[in-house]
Amino acid sequence: MDLFDMILGENGLLVELRCNNAFHEPLFAGITRYLDAHIPEWQANGAIPVADASALFNLIDEFAGGSRFWNEAVRRRVEDAAQEIQDLLSTLEP
């Protein structure tokens, strides 16, 4: 599964958050595995492919925006997940 589908696809992480107010741990684990696998390639190329960058922007935006419908556990998990994504992406900095 590609990053776009894991984040924004029909059964993606953001669909779970928006429609079910739930954080889907297996999907998030897949996203972090994808990032772990592709960050070295992105570093070597000096760029992130547009499709991946677009999906990441949507994920970060959703995480930052939050939702009043999420319960406290989901809110905290999203905050932690946002930090995990930030930590992974910070490895791209020169």
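One can find the structure itself at the top, above this paragraph.
No experiment lies behind these values; they were computed from the predicted model shown.

Basis of the calculations
Residues numbered from 1 in each chain as written. Predicted model: local features only at pLDDT ≥ 70, side-chain atom pairs only at ≥ 80, totals over all residues. Heavy atoms only, no water. Axes fitted to C-alpha atoms, helices over the stretch in contact; angles between N-to-C directions. Helix = DSSP H or I, 4+ residues; strand = E, 2+ residues; numbered from the N terminus. Left-handed = near helix turned anticlockwise from the far one by under 90°. Contact = heavy atoms within 4.5 Å. Nonpolar A, V, L, I, M, F, W, Y, C, P; charged D, E, K, R; others polar. Salt bridge = Lys/Arg side-chain N within 4 Å of Asp/Glu carboxyl O.

Asker: I'd like a rundown of the packing of helix α4 (residues 50-65) against helix α5 (residues 72-90), residues and numbers included.
Answerer: Packed helix pairs are characterised by how far apart their axes lie and by the angle those axes make with each other. Running from N to C, α4 and α5 cross one another at 140°; their axes reach a closest spacing of 10 Å. The element α4 and its partner α5 pack so that their crossing is left-handed. Here L56, L59, I60 and F63 of α4 lie close against α5, whose contacting residues are V78, A81, A82, I85 and L89. Of the residues in the contact of α4 with α5, the class split is 9 nonpolar, no polar and no charged.

Asker: I'd like to hear about the pattern of salt bridges, residue by residue, with values.
Answerer: Opposite charge on two side chains lets them pair, provided their charged atoms get close. For the structure on display, the rule yields 5 salt bridges. With a closest N to O distance of 2.9 Å, E72 and R76 form a salt bridge. Of the two residues, E72 and R76 both sit in helix α5, 4 residues apart, roughly one turn of that helix. When salt bridges with common partners are traced through the structure, they connect E25, R77 and E84 into a single cluster.

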